[in-house]
Amino acid sequence: MEQSSAGEASPVPPSCTGRQVAFSVFKYFPYGGLQLDLMRMALEFRNRGIGVMIFCMIWDAPPPPEGIEYRELTVKGLSNHRKARRFEKKLAGELARGNFIAHVAFNRLTPADWYFAADMPFVESVRRGFFEKLLPRYQTFAAMEKAVFEPQSKTRIFCITKAQQAAYQRIYGTPDRRITQLPPGINRDFADALKLREDRDEVRAEFQCGEDDFLLIQVSSAFRTKGVDRSIAALAALPESVRTRTKLLVVGRGKIRAYAALAERCGVAGRVMFAGARDDVPRLLAAADLMIHPARNEATGTVLLESLACGTPVLCSGNCGFAPLVREAGSLALPGKFRQKLLNRTLMLTLSTPGRAEELQREAENYGANGDFYRRAEVAVDRILENCGNGGR
């Protein structure tokens, strides 16, 4: 297995000059974690003088920065798995006709020189019964995953946690030599995020959160997967003396109406705020007292590192890929299989124990000041260019 390393950026091989690198993703939108990683890598290529062409089924975003192009490949179908296969076939034709130094897939697509593995294995992501596994949707996406990871495949893999790598190798036997472990990667906009804490009072006033109140924040574009319902339940379970001083700010796209109704049923409608998608996430994180993230499925949890970079402590479920880094930062990752009662109790103790929230904040600020969160895109581009320089595509 290739390990990431610090140092000077890899030089651009002469064979890459004047050419593009191809990226592929089913849907591009500005706020998804996968899409953010894609764009950071695209900008890193652009900054080294290599253009980027992004192939997608749907582009739901403003035009990309100069030097980065996109092309929507329209496909028809009554189901997502049929559309995926037709997109894959159309993409193969575009790649064959183009002059690309490499193809980096951000969904499980072939042919790909590199696959950026943002998730845990599809075949284990959700428990499915025997008959469900016989359905075309499951069989199609399972076959697409196998084509990327099976031993005879030539696709190289970028993994972002060791647990993720171990899971894929246990299922498919993917050889170490095809896998590169990438370091954490968040936007360099967070490099000075600790300074944003100076704006805390202004931001908290925007959400009617007083100096003695607790502001919880959750940033998510998939409310159920990331456990927004669990966060609402934990808020509702707080003792009244704490609950009346606590608000939950949910940031991101999602089924707001359904979760607002859930908050109403739980008796905390007035204490849950839905901000929608925002461009000032670092500012919001820096104003919060605690990031809560009880995800059901989270291969990494980049938002957890973004929170720590802002000096805001984290409470997350233990199945988040970056849970070890959360613990390393002195924050809270729940042990073992998720239990709602344990989340409720942990949140209650954190907010009601004198000095505990302040202690966690000091630990997070220290980690945010000293952590290395920013090299993922740089290391990934280094690996791709090194391979091109060694006779690869």
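Just above, that's the structure.
What counts and how
- Residues numbered from 1 in each chain as written.
- Predicted model: local features only at pLDDT ≥ 70, side-chain atom pairs only at ≥ 80, totals over all residues.
- Heavy atoms only, no water.
- Helix = DSSP H or I, 4+ residues; strand = E, 2+ residues; numbered from the N terminus.
- Buried < 20%, exposed > 50% of the residue type's maximum accessible area, 1.4 Å probe, protein only.
- Areas by Shrake-Rupley, 256 points an atom, 1.4 Å probe, with all protein chains shown as cover.
- Lys, Arg positive; Asp, Glu negative; His and termini not counted.
- Charge placed at Lys NZ, Arg CZ, Asp CG, Glu CD.
- Core = buried A, V, L, I, M, F, W, Y, C linked by side-chain atoms within 4.5 Å.
- Contact = heavy atoms within 4.5 Å.
- Polar contact = N/O pair within 3.5 Å; in protein donor to acceptor, adjacent residues only side chain to side chain.
- Phe/Tyr/Trp six-rings, centres within 6.5 Å; stacked < 30°, edge-to-face > 60°.
- Lys NZ or Arg CZ within 6 Å of the ring centre and 35° of its normal.
- Pairing = 2+ DSSP bridges.
- Axes fitted to C-alpha atoms, helices over the stretch in contact; angles between N-to-C directions.
- Patch = residues over 30% accessible without salt bridge, like charges linked within 9 Å, V, L, I, M, F, W, Y side chains within 5 Å.
- Salt bridge = Lys/Arg side-chain N within 4 Å of Asp/Glu carboxyl O.

This part covers the overall build of the protein chain. For the protein chain, the count of helices and strands is 15 helices and 14 strands. Residues classed as buried in the protein chain amount to 53% of the 393 residues present. Total accessible area on the protein chain is roughly 17900 Å²; 50% of this is exposed by carbon and sulfur atoms. Here the protein chain carries 56 positive and 44 negative side-chain charges, and the mean point of each set is 10 Å from the other.

Bringing the nonpolar core into the picture now. A general feature of soluble globular proteins is that nonpolar side chains tend to end up buried together. F190, I217, V219, L285, M291 and L304 are the most contacted members of the largest nonpolar core, which totals 38 residues. Of all the elements in the fold, those that place two or more residues in this core are β9 (214-219), β10 (246-251), α10 (281-287), α11 (302-309), β13 (314-316), α12 (323-328) and α14 (356-370). Excluding residues that lie within four positions of it along the chain, L304 makes contacts with M291, H293, V314, C316, C320 and V326.

Checked against the element boundaries, D213 lands in the loop between α6 (200-206) and β9. Taking C-alpha positions, D213 is 4.7 Å from R245, a pair spaced 32 residues apart along the chain. In contact with D213, other than residues within four places in its own chain, are R204, Q208, R245 and D289. In this structure the side chain of D213 is engaged in a polar contact, spanning 2.8 Å, whose partner is the backbone nitrogen of G210.

Another aspect to go through is the packing of aromatic side chains. Applying the stated rule across the entire model yields 17 aromatic pairs. Between F373 and Y374, the ring centres sit 5.8 Å apart and the planes meet at 80°, which makes this aromatic pair edge-to-face. You can call F373 buried: its relative accessible area is 2%. Among the aromatic residues, those joined into a ring-pair cluster are F23, F45, F106 and F116. Lying over the aromatic face of W114, R156 brings its terminal NZ or CZ to 5.9 Å of the ring centre. Between R230 and the ring centre of F338, over which it is positioned, the NZ or CZ distance is 3.7 Å.

This next bit is on the sheet that holds strand β11 (residues 272-276). Here we have six strands laid out as an open sheet, ordered β11-β10-β9-β12-β13-β14, and parallel in their pairing. Looking at which strands have only one partner, the edges of the open sheet turn out to be β11 and β14 (332-333). Bridge count for strand β12 (residues 290-293) against β13 is three bridges, and the pairing is parallel. For H293, the partnering residue across the bridge sits in β13 and is C316. Helix α7 (residues 228-236) contacts β9, β10, β11 and β12 of the sheet and is inclined by roughly 170° relative to β10. Against the sheet, helix α13 (residues 340-352) touches β9, β10, β12, β13 and β14, its axis set at about 180° to β12.

Where nonpolar side chains cluster on the molecular surface, the patch consists of F130, F131 and L134 and spans about 400 Å² of accessible area. Inspection of the secondary structure assignment puts L134 in the loop between α3 (122-125) and α4 (136-149). On the basis of relative accessibility, which here comes to 47%, the residue L134 falls in the partly exposed class.

Distances and angles like these do not, on their own, reveal function.
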